[in-house]
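Chain by chain, the residues run as shown.
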Amino acid sequence: MADALEQLKTPNPFPVAHVFDVDQRTGFMAPQPPLARLPEKWETWEAVLDTAVAAKLQLGDKVGLTEAEAAASKQWRDRVRKLAVVPTSGLGDSPVFLRRAHLVLAFILHFYVQTLPPTEEVTIPRSISIPILQIAKELDIPPVLTFSDTVLYNWDFRTPPTSEGDIPTASNIHTQTMFTRLIDEEEFYLCSARIELRGVEILELMRLTMDETFVGDVIAVRRIKDYLHTIAGIIAELKTILLSVKEHCNPDIYYNQVRPWLRGEDSSENKRKWIFEGADEEDFHLNIPMELSGPSAGQSAMIHALDIFLGVEHRSTSDQPSFMSRMQLYMPRNHRLFLDHIKANPRPLRAFVMEAHDTGLLEAYNNAVLALKEFRDAHMIIAALYILGPARRAKAAALGRDVSVGNAMESDGVKGTGGTDLVKFLKDIRNRTGNTTVVVFTH
Ligand code: HEM
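From a predicted model like this one, the values you see are computed outputs, not experimental measurements.

**A closer look at the overall build of the chain**
For step 1, the next point in the chain: Of the regular secondary structure elements, the chain holds 15 helices and four strands.
For step 2, the next point in the chain: Taking 443 residues into account, the globule formula puts the C-alpha radius of gyration at 22 Å, and the chain, at 23 Å, falls close to it.
For step 3, the next point in the chain: In terms of its C-alpha atoms, the chain occupies a principal-axis envelope of roughly 70 × 60 × 50 Å.
For step 4, the next point in the chain: Going through the 443 residues of the chain one by one, you find that 50% of them count as buried.
For step 5, the next point in the chain: Partitioning the intrachain contacts of the chain with sequence separation of at least 6 by distance along the chain shows that 79% fall at a separation of at least 24.
For step 6, the next point in the chain: Total accessible area computed for the chain in this model is approximately 20,600 Å², and 55% of it derives from carbon and sulfur atoms.
For step 7, the next point in the chain: Between the mean site of the 48 positive side-chain charges and the mean site of the 58 negative ones, the chain shows a separation of 4 Å.

**Here we look at the packing of helix H14 (residues 359-399) against helix H15 (residues 422-434)**
Two numbers describe a pair of packed helices, the interaxial angle and the distance between the axes.
For step 1, the next point in the chain: Taken N-terminus to C-terminus, the directions of H14 and H15 make an angle of 170°; their axes are 8 Å apart at the nearest point. Viewed along their axes, H14 and H15 adopt a mutual orientation that is roughly antiparallel. The segment H14 lies against H15, with Val369, Leu372, Lys373, Arg376, Asp377, His379, Met380, Ala383, Ile387 and Leu388 engaging Leu422, Val423, Leu426, Lys427, Ile429, Arg430, Thr433 and Gly434.
For step 2, the next point in the chain: Each residue belonging to the contact of H14 with H15 can be placed in one class, and the counts come to 10 nonpolar, three polar and five charged.

**Quick notes on the coordination of the iron atom of the ligand**
For step 1, the next point in the chain: No other protein atom reaches the iron atom of the ligand as a donor apart from His379 (NE2), found 2.1 Å away.
For step 2, the next point in the chain: Tracing the sequence through the fold places His379 in helix H14.

**Re the pattern of salt bridges**
For step 1, the next point in the chain: One pass over the structure, following the stated rule, counts 26 salt bridges.
For step 2, the next point in the chain: Two residues, Glu187 and Arg194, come together in a salt bridge whose shortest N-O distance is 3.1 Å. In this pair, the class of Glu187 matches that of Arg194, namely buried.
For step 3, the next point in the chain: Asp252 serves as the salt-bridge partner of Arg393, at 3.1 Å between the closest nitrogen and oxygen. Linking Arg393 in helix H14 with Asp252 in helix H9 (residues 251-262), this pair joins segments that are 141 residues apart in sequence.
For step 4, the next point in the chain: Residue Arg393 is classed as partly exposed on the basis of its relative accessible area of 44%.
For step 5, the next point in the chain: Residue classification places Asp252 among the partly exposed positions, given a relative accessible area of 27%.
For step 6, the next point in the chain: Residues joined in a network through salt bridges with shared partners are Arg37, Glu43 and Asp50.

**Things to note about helix H10 (residues 301-310)**
For step 1, the next point in the chain: Where burial is concerned, most of H10 is hidden: nine out of the 10 residues are buried.
For step 2, the next point in the chain: If you check which residues of H10 are buried, you get Ala301, Met302, Ile303, His304, Ala305, Leu306, Asp307, Phe309 and Leu310.
For step 3, the next point in the chain: Of the surrounding secondary structure, the elements contacted by the buried residues of H10 are helix H7 (183-215), helix H8 (218-243), helix H11 (323-328), helix H12 (333-343), helix H13 (349-356) and H14.

**Structural notes on the side chain of Ser94**
For step 1, the next point in the chain: Following the sequence through the fold, Ser94 ends up in the loop between helix H3 (67-82) and helix H4 (95-115).
For step 2, the next point in the chain: A polar atom in the side chain of Ser94 sits 3.1 Å from the backbone nitrogen of Val96.

**Some details on the packing of aromatic side chains**
For step 1, the next point in the chain: Inspection of the entire model under this criterion finds 14 aromatic pairs.
For step 2, the next point in the chain: An angle of 85° between the planes, with centres 5.5 Å apart, marks the rings of Phe28 and Phe338 as edge-to-face. Of this pair, Phe28 sits in the loop between helix H1 (2-8) and helix H2 (43-54) while Phe338 sits in helix H12; the two residues are 310 residues apart in sequence, bridging distant segments of the chain. Grouping residues by exposure puts Phe28 and Phe338 together as buried.

**Side note on the UniProt feature "binding site: heme b" (unreviewed entry) in the chain**
For step 1, the next point in the chain: Under the UniProt annotation, the feature "binding site: heme b" (unreviewed entry) is placed at His379.
For step 2, the next point in the chain: Classification of His379 by relative accessible area gives partly exposed; the value is 32%.
For step 3, the next point in the chain: When sequence neighbours within four positions are dropped, the list of residues in contact with His379 reads Leu242 and Leu426.

**Overview of H7**
For step 1, the next point in the chain: The terminal C-alpha atoms of H7, which comprises 33 residues, lie 49 Å apart, in line with the 48 Å expected from a rise of 1.5 Å per residue.
For step 2, the next point in the chain: Largest kink in H7: about 35°, centred on Val200.
For step 3, the next point in the chain: Where H7 terminates, the next one or two residues include Gly216, which has phi positive at roughly 75°.

**So, the packing of H13 against H14**
For step 1, the next point in the chain: Contact geometry of H13 with H14 gives a least axis separation of 8 Å together with a crossing angle of 150°. Regarding the angle of H13 to H14, the classification is roughly antiparallel. For the pair H13 and H14, the sense of crossing is left-handed. In contact with Leu349, Arg350, Phe352, Val353 and Ala356 of H13, H14 contributes Leu361, Leu362 and Tyr365.
For step 2, the next point in the chain: Its residues placed into classes, the contact of H13 with H14 shows seven nonpolar, no polar and one charged.

**Some thoughts on unusual backbone geometry**
For step 1, the next point in the chain: For Asp21, which is not glycine, the phi torsion reads 55° and is therefore positive.
For step 2, the next point in the chain: Among the structural elements, Asp21 can be located in the loop between H1 and H2.
For step 3, the next point in the chain: With a relative accessible area of 34%, Asp21 lands in the partly exposed category.
For step 4, the next point in the chain: With a phi angle near 60°, Asp140 is a residue other than glycine that sits in the positive phi range.
For step 5, the next point in the chain: Inspection of the secondary structure puts Asp140 in the loop between helix H5 (126-139) and helix H6 (147-152).
For step 6, the next point in the chain: The class for Asp140 is partly exposed, based on a relative accessible area of 36%.

**Focus: the nonpolar core**
For step 1, the next point in the chain: One finds Trp45, Leu228 and Leu310 to be the most contacted residues of the largest nonpolar core, which totals 132 residues.
For step 2, the next point in the chain: Considering every element that reaches this core, the biggest residue donor is H14, with 18 residues.
For step 3, the next point in the chain: In contact with Leu228, not counting residues within four places along its chain, are Phe309, Leu349, Leu361, Ala364, Tyr365 and Ala368.

Cut-off values and rules
- Residues numbered from 1 in each chain as written.
- Predicted model: local features only at pLDDT ≥ 70, side-chain atom pairs only at ≥ 80, totals over all residues.
- Heavy atoms only, no water.
- Helix = DSSP H or I, 4+ residues; strand = E, 2+ residues; numbered from the N terminus.
- Rg over C-alpha atoms; globule rule 2.2 N^0.38 Å.
- Buried < 20%, exposed > 50% of the residue type's maximum accessible area, 1.4 Å probe, protein only.
- Contact = heavy atoms within 4.5 Å.
- Areas by Shrake-Rupley, 256 points an atom, 1.4 Å probe, with all protein chains shown as cover.
- Lys, Arg positive; Asp, Glu negative; His and termini not counted.
- Charge placed at Lys NZ, Arg CZ, Asp CG, Glu CD.
- Axes fitted to C-alpha atoms, helices over the stretch in contact; angles between N-to-C directions.
- Parallel < 35°, antiparallel > 145°, perpendicular 65-115°, else oblique.
- Nonpolar A, V, L, I, M, F, W, Y, C, P; charged D, E, K, R; others polar.
- Donors = N, O, S within 2.8 Å, 3.2 Å for Na, K, Ca; no water.
- Salt bridge = Lys/Arg side-chain N within 4 Å of Asp/Glu carboxyl O.
- Polar contact = N/O pair within 3.5 Å; in protein donor to acceptor, adjacent residues only side chain to side chain.
- Phe/Tyr/Trp six-rings, centres within 6.5 Å; stacked < 30°, edge-to-face > 60°.
- UniProt positions renumbered as here; feature names shortened; annotations may be inferred.
- Expected span 1.5 Å × (residues − 1).
- Bend = angle between axes of the 7 residues up to and from the residue.
- Left-handed = near helix turned anticlockwise from the far one by under 90°.
- Core = buried A, V, L, I, M, F, W, Y, C linked by side-chain atoms within 4.5 Å.

Now the structure itself:
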């Protein structure tokens, strides 16, 4: 880290990317395929996860769960409970090992919690709780499945690369680890991965823009306009990629068979606390998690970077931190530091636009902001299609009546992460984005 800090003393407002695990070609995605299997010492974890996937374990609150299915998951959980606590020493030497260990243990954790009968208390056995808490502490992220586990560090090449320099692209990757192995689950993760990869060009344009705001002359303004128009075009492409999730991810399958595996403690049906065995034992010096949200693309540093760059503010309405600032705690530490660094930029773009009194620049800036707002409009359509619609259909099926008539954007009380009303929450963020446009110049 000393080196990293040394490099940050450069006058360039944009961080030296590699310091923050941000690759010039792949952005926040790992440039090389993440580790697919831990070394022999931790094979027990890999094996127990393989068993859960191969046995097609079913959700504990699945409607119509059979006795045989309940017995199969109980048998698997008994096995997990009996596992020895494997020491994590040795993993800490390598971020690559630590990331795979977090991923494997978090998948086991979610299998364990989500296969429990919904009335049973959630006690995570020491075999899982001690190592995941230790690794979470080491990585400085929570002991729960994150966006980096499901997307950033969870891919491999579809066909082996032909040269050493080959990098992941939208069409040549597949997902390594999944709960269901359904194409719907894979496409849900890959849609985000494709957005990360397409967005990489924006990171470079942001860097160039921030350099030019420091120069600030007529030529710089002209260049910034061009960069902003290009950024707006790429954000429009991100919107198209987001909407293309519909091609292979079926909303009802996603809602009923994929999403429930991802639930964190804060989405627990009957507000059950997750108790981590051994967390309070003095020998371990572990942090007991305060809140655990499941993975969400709200943890995508790409979208956060755009918000920061364009000046979209996510203020909280209460004394609690905003959803977006909470989500940063789930990101890989270096990506969080990257965002902190661009936040600290002494010449923010929005202020620059307001002070420049240049109509073309104002238009280019607003164009980029509106592209992000339109991305969020599309995201609301996706949330309605993938959550509100299936939730309404599931409720109708349970009640044995037709509730198909209704406004697609009415939330019917469906909650997002943190228990907020989903539609209101997404609308607020979308509106805040739209309101970031600069309407008049200040004098
Ligand atoms: C089927 C696909 C998707 C569904 C159903 C979905 C659903 C949701 C939901 C319910 C939330 C509210 C917070 C939460 O409960 O976690 C959320 C937030 C968010 N999602 Fe998605 N999402 C999808 C895909 C994506 C993709 C591909 C991205 C791209 C990066 C994305 C970016 C975000 C962001 C940035 C937030 C935070 C709120 C905001 O900035 O508007 N989502 N999403």
